[in-house]
Amino acid sequence: ISGNGSNLQAVLDASRNGTLDADVVAVVSNKAGAVGLERAKKAGVPAIVFPKSKEETREVYDARLADLVEGYHPDLIVLAGWMRLLTMAFIGRFPKKIINLHPALPGTFAGVNAIERAYAAYENFEICSTGVMVHYVLDESVDQGPVIDQQVVPIEPEYTLHDLEAKIHACEHELLVKSIQQLVTQMEDGHA
Ligand code: GAR
């Protein structure tokens, strides 16, 4: 995580109420003060602040991050609002184990402020719907990779930007849990 952690909360809740057959073993934030850290602590999950120092390169930071994450032996690493671009120094250590949530459809609005940019495109008559996706992170391309699941979110004429944000967030909370459960089921069946 890097911030609010509302998606983390959806995962923690689903794990607790049995919708999701998985445990969150640790939550790592690159930002101190991220609200999501408090959510993790409340759920009794280790909450680790792990910022990049100015002196170190992205690769050195990512290798340190990989060492930290490896120590928890995760079956899956979920980028749930993790807003730092990862290099192969991290990605290469966990092949097919990293997934990312993005508040737009595949091939659209990669990077930050995706919902705002989709809304601006709607106002410009360029799109009439947007969406949410969960995909594997296999390389350094931003918000791109084999899609695990996606969901279209139509933009209704009466929507404000705030309305669209609320719709997208509600949609991603569901899609993220559903996608993780899909992968957990595959792992249990021995397909992953
Ligand atoms: C979510 O909308 C997530 O899809 C987005 O950051 C937000 C985090 O919200 N991620 C990206 O834009 C990745 N490019 P949260 O901290 O409340 O879960």
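That block above? That's the structure.
Residues numbered from 1 in each chain as written. Predicted model: local features only at pLDDT ≥ 70, side-chain atom pairs only at ≥ 80, totals over all residues. Heavy atoms only, no water.

Chemist: Help me understand the site of the ligand, please; the structure alone is not making it clear to me.
Modeler: In the vicinity of the ligand, 13 residues are found, and the nearest of them are Gly 5, Ser 6, Asn 7, Asp 143 and Glu 172. With respect to the ligand, the backbone of Gly 5 contributes an N or O atom lying 2.7 Å from an oxygen atom. Within the contact set of the ligand, an oxygen atom lies 2.7 Å away from a side-chain nitrogen or oxygen of Asn 7. Notes on the ligand: free accessible area 450 Å², of which the protein chains cover 89%. Per-class residue counts for the shell around the ligand are three nonpolar, eight polar and two charged. (Near = heavy atom within 4 Å. Polar contact = N/O pair within 3.5 Å; in protein donor to acceptor, adjacent residues only side chain to side chain. Areas by Shrake-Rupley, 256 points an atom, 1.4 Å probe, with all protein chains shown as cover. Nonpolar A, V, L, I, M, F, W, Y, C, P; charged D, E, K, R; others polar.)

Chemist: Even after reading the chapter, I still don't get the nonpolar core, so can you show me in this structure?
Modeler: Taken as a class, soluble globular proteins show a tendency for nonpolar side chains to be buried jointly. Ranked by internal contacts, the top residues of the largest apolar core, which has 27 residues, are Ile 99, Val 134, Leu 164, Leu 176 and Ile 180. Residue assignment for this core shows that the elements contributing at least two residues are helix H1 (6-17), strand S4 (98-102), helix H5 (114-123), strand S5 (129-136), strand S6 (147-154) and helix H6 (161-188). If one sorts the elements of this core by residue count, H6 sits on top with nine residues. Setting aside anything within four residues of it in sequence, one finds Leu 176 in contact with Asn 7, Val 11, Val 78, Ala 80, Leu 101 and Val 134. (Core = buried A, V, L, I, M, F, W, Y, C linked by side-chain atoms within 4.5 Å. Buried < 20%, exposed > 50% of the residue type's maximum accessible area, 1.4 Å probe, protein only. Helix = DSSP H or I, 4+ residues; strand = E, 2+ residues; numbered from the N terminus. Contact = heavy atoms within 4.5 Å.)

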